[in-house]
Structure formats: structure tokens, C-alpha cells
Amino acid sequence: MRAGRLLSDLARGEQKHVAPPPRRVARVLQRLQNGNEMGRYFRQMIKGMSAALEQAHLAASLDEVPIGAVVMCGDEVIAAAHNETVARQNPTYHAEFLVIERALEALDTDRLTDCTLYVTIEPCAQCAGAIVLAKVKTLVFGAYDEKAGMCGSVGDIVRHPRLNHRVDVQSGVEAEACGELSGNPA
């Protein structure tokens, strides 16, 4: 409580109390800044997963497997996709594969090193391989896929130590909603 009062007094230019040593003020300010960073990180994660869930609902309305994905750079959605295996009669047109292709085109690049991919279910072997090849920085997925998931369930391609790129992975975001939609309960 005292540190908070000191900080607010300092912010207003009022120094009614004896100021703590500068290192202590710096630590308190760093903790406050880290809290803001974490808040922004979680808001961004919810925004990304909400957009992926919207894509999954769209896929379900089109009688596709209800999986959705988005690629974000910072707070901006760069690309969005859902499974199109039925409509395009191609078993490789998964949401992750399509969103990577669209993001690469939108950014006019061949790597997604500063981007985060959000997907409603744990990627399969094909999609995990595409994520590594595109050098996606961070993967955030909702529900685990115990039958085909290659980001921790059946295997772990995205963090394999012998590959030239390893992806930061955050799992379980909106897991219940993602699992219910895809038929893989959390």
C-alpha cells in the first residue's frame, strides 16, 4: 500500500513521504509495466482465439470440419481461414494450411517470424510441418486432439529438437469452447 501511495504521489509531483531507494521504485514500476504487458498479451490471445472460433463456426455452417484459424501480427488479424476440405474436395485444405498461405501472401513474405497463429484445435502432422516451415513464432491452440495432434498429444513436431525452427506453443486457450465445437471435449 505504501509503495502504491508513493508512486501516485511521485506521479503527481507530490513527495509527501520519504522516497524509497531508486532500485525499489524501479522494481515496482517494472512489476506494474509487466502487469500491463500481461494484460495486453491475454487480451490479444482472447481476440485471436475468438476470431478463430468465428471461422470454426463458419466452417460448421458450411458442413466443413469445424476448425478455424487466424494469423495475427501484434493486434492486427492478417489472415483468417477455416477448413475447406469438403468444398474444395481436397483433404489437405486444413484451416492452418490455408491461413498460413493467405498470411504469407498478405505480408508478401515467405516467413511468419513475427506472427502468432491461433487455431481452435491442436494441429495435425501436415499443419505442424507447415507451421515449422513458415517459421511461425507462436502457436496458440484451444483443444487438444488426442488422435492426430502433433503439438503435444501424439507427437510434437513444432518443438522437435532436431528441426531448425521451434515454435513457442500456448495450449488450452478457450479449450472448452473449441473442444465442444470440434467434438474433442476439454
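A quick note: this is a predicted structure, and the numbers were derived from the prediction, not measured. (Residues numbered from 1 in each chain as written. Predicted model: local features only at pLDDT ≥ 70, side-chain atom pairs only at ≥ 80, totals over all residues. Heavy atoms only, no water.)

Chemist: Summarise the overall build of the protein chain; cite the residues concerned and give the values.
Modeler: On a plain count of helices and strands, the protein chain comes out with five helices and five strands. What you see in the protein chain, going N to C, is helices and strands ordered as α-α-β-β-α-β-α-β-β-α. Looking at the protein chain as a whole, 41% of its 186 residues qualify as buried. Sequence-distant contacts in the protein chain: of pairs separated by 6 or more residues, those separated by 24 or more amount to 52%. Summing over all exposed atoms, the protein chain offers an accessible surface of approximately 10,600 Å²; the carbon and sulfur share of this is 52%. (Helix = DSSP H or I, 4+ residues; strand = E, 2+ residues; numbered from the N terminus. Buried < 20%, exposed > 50% of the residue type's maximum accessible area, 1.4 Å probe, protein only. Contact = heavy atoms within 4.5 Å. Areas by Shrake-Rupley, 256 points an atom, 1.4 Å probe, with all protein chains shown as cover.)

Chemist: Tell me about the state of the cysteines, and name the residues and values.
Modeler: One way to say it: the disulfide is the covalent bond shared by the sulfur atoms of two cysteines. As enumerated under the stated definition, the model contains one disulfide in all. Bridging Cys-73 to Cys-115, the disulfide has an S-S length of 2.4 Å. Note that Cys-73 is positioned in strand S1 (residues 68–73) and Cys-115 in the loop between helix H3 (95–107) and strand S3 (116–121), a separation of 42 residues in sequence. Judged by relative accessible area, which is 3%, Cys-115 ranks as buried. Looking at Cys-127, it has no disulfide partner, and the nearest cysteine sulfur is the one in Cys-124, 3.7 Å off. (Disulfide = S-S within 2.5 Å.)

Chemist: Break down helix H5 (residues 175–182) for me, with residues and values.
Modeler: Every buried residue of H5 is accounted for by Ala-175, Cys-178 and Gly-179. In an axial view of H5, the angular spread of the buried residues amounts to 95°, which keeps them on one side of the axis. Residues of H5 that are exposed and point more than 90 degrees away from the buried face comprise Glu-176 and Glu-180. Gly-183, located one to two residues past H5, shows a positive phi value of around 85°. (Arc of directions from axis to C-beta.)

Chemist: If you had to explain helix H4 (residues 125–133) to someone new, which residues and values would you point to?
Modeler: Residues of H4 that are buried: Cys-127, Ala-128, Ala-130, Ile-131 and Val-132. Those residues of H4 that are buried are in contact with H3, S3 and strand S4 (138–143). Just past H4, the residue Lys-135 takes up positive phi, approximately 55°.

This is a description of form; function is not addressed.
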